[in-house]
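Here is what each chain is made of, one letter per residue.
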Amino acid sequence: MFFIRSAFWLSLAFVLVAPHGVDLGAVVSAAKDQALAAGMQAGRDLAVSQIAGAAEGLPGLTIEAITNTPSIDLPMQDSPKSAVPFPRPRPHWMG
C-alpha cells in the first residue's frame, strides 16, 4: 500500500510541476550560446585592456619593481625564533 500511495503522489507532483509546451532543449541551447558569446567577448576585452595597459605603464612598472623589492628574510623553518612556546623543564624534586 505504501508503494501505491507513493507512486500516486509522485506521479501527481510530476504532472503538476512538469513544464508544458516548452522546448527545454532549445532554451538550454540558446542560453549556452549566449553565455559562450558573452564569455568570448569578455575575454577579448580583457586581453585588449591588458595589452594596452602594459604598453602604457611598462617603464614606470619596471622602475617601481626595482625600487620596491621586499627584504629577504629567512624562511619560517630556518627562523631561530620558535613560534610555539616550549614547556619549562620539570623541577628536580619531581624526579
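These numbers were taken from a predicted model, which means no experiment stands behind them.

Peer 1: Quick one: what's the story with a nonpolar patch on the surface, residue by residue and with numbers?
Peer 2: A contiguous nonpolar surface patch, about 580 Å² in accessible area, is contributed by Phe 8, Trp 9, Leu 12, Leu 16 and Val 17. Here Leu 12 is to be found in helix H1 (residues 2–17). Among the residues examined, Leu 12 registers a relative accessible area of 34% and is labelled partly exposed.

Peer 1: Give me H1: which residues, what numbers.
Peer 2: Compared with the 22 Å implied by 1.5 Å per residue over 16 residues, the 22 Å span of H1 between its first and last C-alpha is a close match. The buried count for H1 comes to zero of 16 residues, which makes it a mostly uncovered element.

Peer 1: Give a description of the pattern of salt bridges that names residues and reports values.
Peer 2: A complete count under the given rule lists one salt bridge for this structure. Here Asp 33 and Lys 32 are joined by a salt bridge, their closest N and O atoms 3.5 Å apart.

Conventions used here
Residues numbered from 1 in each chain as written. Predicted model: local features only at pLDDT ≥ 70, side-chain atom pairs only at ≥ 80, totals over all residues. Heavy atoms only, no water. Patch = residues over 30% accessible without salt bridge, like charges linked within 9 Å, V, L, I, M, F, W, Y side chains within 5 Å. Areas by Shrake-Rupley, 256 points an atom, 1.4 Å probe, with all protein chains shown as cover. Salt bridge = Lys/Arg side-chain N within 4 Å of Asp/Glu carboxyl O. Helix = DSSP H or I, 4+ residues; strand = E, 2+ residues; numbered from the N terminus. Buried < 20%, exposed > 50% of the residue type's maximum accessible area, 1.4 Å probe, protein only. Expected span 1.5 Å × (residues − 1).

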